[in-house]
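Examining the three-dimensional arrangement
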Amino acid sequence: MTAANVTAGTRLAPARRLGVSAGLRHTLTLTWRSLVQIKHNPMELLDLSIQPVMFVLLFTYVFGTAISGSPGEYLTFALPGIIVQNALFATMTTGFGLNNDLTKGVFDRLRALPIARWAPLAGRILADTVKQAWSVSLLIGVGAILGFRLGNGVLGLLGAFVLLLGFSLAAAWISVLVGVLVSEPEKVQIFGFMVIFPLTFTSNVFVPTDRMPGWLQHWVEVNPVTILADALRGLLVGGPVTTPVVQSMLWAVALAAVFAPLAVRALRRRV
């Protein structure tokens, strides 16, 4: 058989298409791979567990009395905001892990396997969503120990989980785009501190809006971090729910609509 015949036969051979169920199995397998990696990188577990707990303890007992009059009152106000801040910072781990896989060739090896083309990225995002759920559960548990009480019961808690994870999933596309574009994983973290850090500290995560200078209040009120924090306060503690929840959902849809196509296009170009 000549080389031309081999080439012709190869072109005529139909490409193997994988069904949705097979792609889901591959995604779950790669999700488990990302989660198991924590065993070999315990520092990641510390970032997901120790750091957010330290934020709760330090802000509650160092600034609580000065801002709200007592640590207990401040905890009720600040814990939903700290959960939001931690979730946004945690989205950077998606881009960090993806860039690490890209630069080390792991992503290429995964794509060379007979698996769904979207499974490696979907597995990474799903694994980070599970990590988000763990971190939120930990913060709620620590808050309960310190005296935080749910105002809307289990339904409010479930609503807060769904809203936060959905928003984090949408915001993670920004991290994916950055992770694909930069050359080193550390640059994803630099981006996070340059963007997320000022975004969260110029919101009402830690300080009520009326305690801020007038010129800053206008930005704080339209800051998406403020809107999401208010939504979680309404769901977990009590207060306005409909408006901040709807606005948060609209922000999530807008982020996903803008950054998901850009991230997928950039990833296709790179691999």
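Notes on the structure in this doc start here. Note that this is a predicted model, so its numbers are computed, not measured. All residue numbers refer to positions counted from 1 along the written sequence of the respective chain. It should be noted that, the model being predicted, local features are given only for residues of pLDDT at least 70 and side-chain atom pairs only at 80 or more, the latter also being counted only at that level, while totals for whole chains, interfaces and linings use all residues. Excluded from the side-chain calculations are hydrogens and water; all other atoms, namely the structure's heavy atoms, are used.

Below, the discussion takes up the overall build of the protein. Put simply, DSSP marks the helices as runs of H or I at least four residues long and the strands as runs of E at least two long, and each gets a number from the N terminus on. Secondary structure summary: the protein contains 12 helices and 0 strands in total. For the protein, the N- to C-terminal ordering of α and β elements is α-α-α-α-α-α-α-α-α-α-α-α. Contacts are assigned to residue pairs with any non-hydrogen atoms lying within 4.5 Å of each other. Taking the contacts inside the protein whose residues are at least 6 apart along the sequence as the reference set, 80% of them involve residues at least 24 apart. Residue exposure ignores everything except the shown protein chains as possible cover, and the areas themselves are Shrake-Rupley values with a 1.4 Å probe. Summed over all atoms, the accessible surface of the protein reaches about 14300 Å², with 69% contributed by carbon and sulfur. Considering the protein, the positive charge centre built from 20 side chains and the negative charge centre built from 11 side chains are found 16 Å apart. Only four residue types enter the charge count: Lys and Arg as positive, Asp and Glu as negative, with His and the chain ends excluded. By convention, the charge on Lys lies at NZ, on Arg at CZ, on Asp at CG and on Glu at CD.

Tracing the backbone through its elements, the reader meets Leu 216 in helix 10 (residues 214–222). Note on exposure labels: buried denotes an accessible area under 20% of the residue type's maximum, exposed denotes more than 50%, and partly exposed covers the range between, all computed with a 1.4 Å probe on protein chains only. We classify Leu 216 as buried; its relative accessible area is 16%. With 13 residues separating them along the chain, Leu 216 and Ser 203 place their C-alpha atoms 9.2 Å apart.

Think of a salt bridge as a Lys or Arg side-chain nitrogen and an Asp or Glu carboxyl oxygen that are within 4 Å of each other. The tally for this structure, following the rule as stated, stands at 4 salt bridges. Note that Asp 101 and Arg 33 form a salt bridge whose closest N and O atoms lie 3.5 Å from each other. Of the two residues, Asp 101 sits in helix 5 (residues 92–103) while Arg 33 sits in helix 2 (residues 20–40), which places them 68 residues apart along the sequence. Note on Asp 101: relative accessible area 7%, which makes it buried. Taking relative accessible area as the criterion, Arg 33 reaches 24% and is therefore assigned partly exposed. Two residues, Lys 131 and Asp 128, come together in a salt bridge whose shortest N-O distance is 3.4 Å. With Lys 131 and Asp 128 both in helix 7 (residues 119–146) and 3 residues apart, this pair spans about one turn of that helix.

In this section: the packing of aromatic side chains. Pairs were defined over the aromatic rings of Phe, Tyr and Trp, the Trp ring being its six-membered one, requiring ring centres within 6.5 Å. Orientation was assigned from the angle between planes: stacked under 30 degrees, edge-to-face over 60, tilted for the rest. For the coordinates displayed, the defined rule picks out 10 aromatic pairs. When the centroid spacing of 5.2 Å and the interplanar angle of 40° are considered together, the rings of Phe 59 and Phe 63 count as tilted. Taken together, the positions of Phe 59 and Phe 63, both in helix 3 (residues 42–68) and 4 residues apart, correspond to about one turn of that helix. Given a relative accessible area of 39%, Phe 63 falls into the partly exposed group. Of the aromatic side chains, those joined through ring pairs into one cluster are Phe 55, Phe 59, Phe 63, Phe 89, Phe 193, Phe 197, Phe 201 and Phe 206. For Arg 233, the ring lying beneath its charged end belongs to Phe 77, and the centroid distance is 4.0 Å. Two thresholds decide whether a charge sits over a ring: the Lys NZ or Arg CZ must be within 6 Å of the ring centre and within 35 degrees of the ring normal.

Attention now moves to helix 4 (residues 71–90). Side chains three or four residues apart in an α-helix point the same way, a direct result of the helix having 3.6 residues per turn. Given a residue, its bend is the angle between the two axes fitted to the seven residues that end at it and to the seven that start from it. Along helix 4, the helix axis deviates most sharply at Ala 78, where the bend reaches about 40°; the proline Pro 80 sits within four residues downstream. Buried residues dominate helix 4, accounting for 16 of its 20 residues.

Okay, the side chain of Ser 135 next. With respect to the helices, strands and loops of the structure, Ser 135 is situated in helix 7. The class for Ser 135 is buried, based on a relative accessible area of 1%.

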